[in-house]
Amino acid sequence: MMVNPDPYLEESDGQDIGIPEVGMVFNNHMEVNRFYRRYARRVGFGVSVRRSSFSQEGTCLYLELMCCKGGRPRYEPKFRKRASSTTNCPARIRVKLWGDKLLHVELANLDHNHPVSPAMARFLNSYKQLSGPAKRRLRMGGPGAMPVEEPSKMPVDKLGALEELLFGESKNHKFVERGRLKLQPGDSEALRLFFTRMQAKNANFFNVIDLDDEGCVRNVFWADAWSRAMYEYYNDAITLDTSYVVSKHDMPLVTFLGVNHHGQSVLLGCGLLSDETAETYTWLFKAWVACMSGNLPKAIITDQCRGIQSAVAEVVPGVRHRICLHQIMKKAADQLSGLSEYKAISKALQKAAYDSLTVDEFEGEWSTLITYNGLQGHDWLRSLYECRFSWVPIFLKDAFWAGMSATQRSETITPFFEGYVDLKTSLKQFLGKYVMILQSKYEKEAQADFETFHKQRPPVSKFYMEEQLSNVYTHNMFKKFQDEIEAIMYCHVSLMNGDGPISTFNVKECIFLEDGKRTMSKIFAVTYNTEEKDITCICGGFQFSGILCRHSLSVLKFQQVREVPSQYVLDRWKKDFRQLHVMGRLSSDVVPDNRVDRYDYLSMRCLQLVDSAVLSDKYRLALRLVREVEKFLLNSNTHDDTQPRIKSRIPKVKPNTVTGQNLVNVVTDNGNGGPKGPEASASAQASQIQKVDWNKHQDYWCNTTSSVETYSIVGILTA
């Protein structure tokens, strides 16, 4: 069947993306790929790479993209006979690099030999297993089907890229025989009941199941409502913990983790994986990105695994990727333990990784390690060196890591479910105590909040900068700052160069070795700008932890700077970080043009309100306000242009004796003797409805009264 696509396709922003035509010109292969995948998504077919050629410099010389049903059917032995997804479809485009260094379209075949339809796209393998709102948006089709997100998280021009990421064909299109999830008796039913119970409890619970062609489970991902809400705050640096998969636990659990303002781990999603292939991790990352509405982290930390590295490069290519140094050192024990000089080699490896302050220093230490021990042919060390930019600390100072990966020998990484999951824990057992585990974690955070706001850590010095941060930082993070303050006594500062406002210092630190008795001295270079108050240490401590290092603090003390410069007092570690984050949200809202998207957007905003209510610890007040808002919305005398006002005042009269004039005072009183500016116009509007019978229409003035004050929801009708 020959099907011609509709030539008048539009993106969600109303711009005509057109159709592929011979003569089109593109700057690079990414533009070609983006254009054709958007076109394919609108028509209703998947995309695969048929052929490609790149120069050694990475310039695309030739690229041919085709329908995912292109190619001849693959014949298999009868005992493995399955329906083939290929139909030798001729639809494709081909671009080639010309002398003007642009890619020109030389072939554009738009005809398919199979049915295509945007409404049927959800049945393609790439779209099948998405749950909830994502499926519903696909069913709706058309420009209005794009996800509706808060502008600060998902600008309109990013929505197309998100759909392309989630619903496009994988770059790694070669056939790979993938495994199935190994479930013990009772696990599948426990998983079904768990998802049903969690979804019924909170509609914001997200889950995706990856099935093979025979309907068997390959992979599973889920994230509860709390995890999705917390990601909005703690999305700067995240970790994918695969330790249970690597250590061959009976339950192949992986977890996405963040870190809160107390430095505690926060769960941001869970998965169960059948294998460690690139295809499996690509599916996992796509599911997680969909769960988080396309809001990508700034940095991600993972284990050393080619499958993970490939998936990160494909799904989140712009995110700074780091391989966990602690996991590498654990692997080193397995990979190098058979060598005769294992202890010396391990010590040299740790010295190169942990102690190198410059690139030249690392390269020298590594060269000595390899040549002195005759390890030129060691495959694991060679692969480790090839990816050195992703795990050696000196190469990772360009991003903020929120203290999530070990940079010192004594630091270790603890799995989120440590103490609850062992080698033989079954999925059924784990799901049975999942909610209890999370509740215990939430209690620890609540306890840390309580101690932060109600207790004071004793000072360790007379420095004002310590007092400065004691008033704003959480207990745990302030303790880390105090550790750096205490270490100043082991640092000696020398001025090396003073060129105008910029000065360079050498800070000599006396470092205690592991046995606590012996010491060694090490020199750290610190640069300080007196005009901008910018300070940079070669150790990169601030980039890794968000806390100024002892070397920088020593220089500030040397320069008689009493306060920590404001740019080094991060909101991230403040006591009221989440309140600051909420207040920093953009106040503008989007107005979707259909009821379903409006429902989704209001649901998201209400969830944010729920988080604010829990955060402020005003649960009962929130419940009362919700009831009054509901009555306010259902009142027949309100309309979409009614302007709500919420005022707080000391109750002077009973609610049933309030007059129209009292109402005007509540609405317009600005605390300075009367209405001014915009509130004066509100007063004039309110005066037009003073004669309303408030006993009949009391929804316009709704009370929630405590022993101290009254909160009022007031409606001002606008023309």
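Computed from a predicted structure; not experimentally measured.

Rules used in this analysis
- Residues numbered from 1 in each chain as written.
- Predicted model: local features only at pLDDT ≥ 70, side-chain atom pairs only at ≥ 80, totals over all residues.
- Heavy atoms only, no water.
- Helix = DSSP H or I, 4+ residues; strand = E, 2+ residues; numbered from the N terminus.
- Buried < 20%, exposed > 50% of the residue type's maximum accessible area, 1.4 Å probe, protein only.
- Contact = heavy atoms within 4.5 Å.
- Areas by Shrake-Rupley, 256 points an atom, 1.4 Å probe, with all protein chains shown as cover.
- UniProt positions renumbered as here; feature names shortened; annotations may be inferred.
- Expected span 1.5 Å × (residues − 1).
- Pairing = 2+ DSSP bridges.
- Axes fitted to C-alpha atoms, helices over the stretch in contact; angles between N-to-C directions.
- Phe/Tyr/Trp six-rings, centres within 6.5 Å; stacked < 30°, edge-to-face > 60°.
- Lys NZ or Arg CZ within 6 Å of the ring centre and 35° of its normal.
- pLDDT = per-residue confidence, 0-100.
- Disulfide = S-S within 2.5 Å.
- Salt bridge = Lys/Arg side-chain N within 4 Å of Asp/Glu carboxyl O.
- Core = buried A, V, L, I, M, F, W, Y, C linked by side-chain atoms within 4.5 Å.
- Domains from an automatic or database assignment.

Peer 1: Looking at this structure, how should I read the overall build of the chain?
Peer 2: Secondary structure summary: the chain contains 24 helices and 19 strands in total. Each of the 719 residues in the chain was classed as buried or not, and the buried ones make up 45%. Within the chain, contacts between residues at least 6 apart in sequence are counted, and of these 64% link residues at least 24 apart. Approximately 37400 Å² of the chain is accessible, and the part contributed by carbon and sulfur atoms is 53%.

Peer 1: Honestly, the environment of A332 in this entry has me stumped. Any pointers?
Peer 2: The residue A332 is located in helix 10 (residues 325-336) in this model. Accessibility expressed as a relative area gives 5% for A332, which makes it buried. Residues A332 and I345, 13 residues apart in the sequence, show an inter-C-alpha distance of 9.7 Å. Not counting residues within four places of it along the chain, the set of residues in contact with A332 comprises S337, Y342, L349 and W380.

Peer 1: Would you explain the UniProt feature "domain: SWIM-type" (unreviewed entry) in the chain in this entry?
Peer 2: In the numbering adopted here, UniProt assigns the feature "domain: SWIM-type" (unreviewed entry) to residues 524-560. Between the first and last C-alpha atoms of residues 524-560 the distance is 19 Å; the span itself is 38% helix and 27% strand.

Peer 1: How should helix 17 (residues 475-487) be read in this particular structure?
Peer 2: Within an α-helix, residues lying three or four positions from one another point in the same direction, as the helix has 3.6 residues per turn. Along its 13 residues, helix 17 runs 18 Å from first to last C-alpha, staying within 8% of the 18 Å computed at 1.5 Å per residue. Buried residues of helix 17: H475, M477, F478, F481, Q482, E484, I485 and A487, and no others. On the buried face of helix 17, the contacting elements are helix 15 (434-454), helix 16 (464-470), strand 13 (491-499) and helix 19 (550-558).

Peer 1: What exactly am I supposed to notice about the sheet that holds strand 5 (residues 103-109) here?
Peer 2: Neighbouring strands of a sheet are bound in pairs by backbone hydrogen bonds; such pairs are parallel or else antiparallel. With respect to topology, 5 strands assemble into an open sheet ordered 1-5-4-3-2, the strand pairing being antiparallel. Two strands lie at the open edges of the sheet, namely strand 1 (25-26) and strand 2 (47-54), each paired on one side alone. Sheet topology note: the strand 4 (residues 92-97)/strand 5 ladder contains 6 bridges and is antiparallel. Bridge pairing links K96 to H104 in strand 5. With respect to the sheet, helix 1 (residues 29-43) is in contact with strand 1, strand 2, strand 3 (60-67), strand 4 and strand 5, its orientation differing from that of strand 3 by roughly 10 degrees.

Peer 1: I would appreciate a short explanation of the environment of T412 in the present structure.
Peer 2: Along the chain, T412 falls in the loop between helix 13 (379-386) and helix 14 (427-432). The exposure class of T412 is exposed, given its relative accessible area of 56%. As for T412 and H326, which are separated by 86 residues in sequence, their C-alpha atoms are 6.5 Å apart.

Peer 1: Would you mind showing me how to read the packing of aromatic side chains here?
Peer 2: Geometrically, a pair of aromatic rings is defined through the distance of the ring centres and the angle of the planes. Scanning all chains against the criterion turns up 33 aromatic pairs. Measuring from ring centre to ring centre gives 6.1 Å for F221 and F256, while their planes differ by 80 degrees; the resulting arrangement is edge-to-face. You can see F221 sitting in strand 7 (residues 217-223) and its partner F256 sitting in strand 9 (residues 253-259), a full 35 residues away along the chain. Taking the relative accessible area as the measure of exposure, F256 reaches 0% and is therefore buried. Here the aromatic cluster, defined as three or more aromatic residues joined through ring pairs, consists of F194, F195, F205, W222, F416, F417, F430 and Y434. In this arrangement the basic side chain of R562 is found over the ring face of Y464, its NZ or CZ atom lying 4.7 Å from the centre.

Peer 1: Looking at this structure, I do not really get the pairing of strand 4. What am I missing?
Peer 2: Alignment of strand 3 against strand 4, held across 5 bridges, turns out to be antiparallel. Residue pairing across strands places L63 opposite V95, the latter belonging to strand 4. Between strand 4 and strand 5, which follow one another and run antiparallel, lie 5 residues, and K101 among them has a positive phi close to 65 degrees.

Peer 1: Which parts of the structure should I look at to understand the confidence of the model for the chain?
Peer 2: Mean pLDDT over the chain works out to 78, with 73% of the residues at or above the 70 mark. For the chain, the element scoring lowest by mean pLDDT is helix 23 (residues 660-668), at 37; helix 19 scores highest, at 96. Residue range residues 1-15 is modelled with pLDDT below 50. Its contacts to residues more than four positions away, or to other chains, number 38 contacts.

Peer 1: Is there a simple way to explain the state of the cysteines in this structure?
Peer 2: Cysteine pairs can be linked by a disulfide, which is a covalent bond between their two sulfur atoms. Scanning all chains against the criterion turns up 0 disulfides. C68 takes part in no disulfide bond, and the closest cysteine sulfur to it belongs to C67, at a distance of 4.6 Å. Its relative accessible area of 19% is what places C68 among the buried residues. Here C89 stays free of any disulfide, with the sulfur of C67 as its closest cysteine sulfur at 3.9 Å. C89 sits in the buried class, given a relative accessible area of 0%.

Peer 1: How should the pattern of salt bridges be read in this particular structure?
Peer 2: Opposite charge on two side chains allows them to pair when their charged atoms are near. Under the defined criterion, the tally for this structure stands at 20 salt bridges. The partner of E64 in a salt bridge is R50, and the shortest N-O contact between them spans 3.3 Å. A residue pair is termed long-range when its members are at least 10 positions apart, and E64 in strand 3 and R50 in strand 2 qualify at 14 residues. On the basis of relative accessibility, which here comes to 1%, the residue E64 falls in the buried class. In this structure, D571 engages K574 in a salt bridge whose closest nitrogen and oxygen atoms are separated by 2.9 Å. A relative accessible area of 38% places D571 in the partly exposed class. Shared partners join several salt bridges into a network, and the residues in it are R50, R51, E64 and R92.

Peer 1: Explain the nonpolar core here, please?
Peer 2: Nonpolar side chains in soluble globular proteins generally cluster together in the buried interior. Counting 42 residues, the largest nonpolar core has Y473 and F481 as its most contacted members. Each of two domains, domain 2 (187-323 + 411-441) and domain 4 (454-574), supplies a minimum of three residues to this core. By size, the runner-up hydrophobic cluster in this structure holds 35 residues, among which are Y231, V254, F256 and V319.

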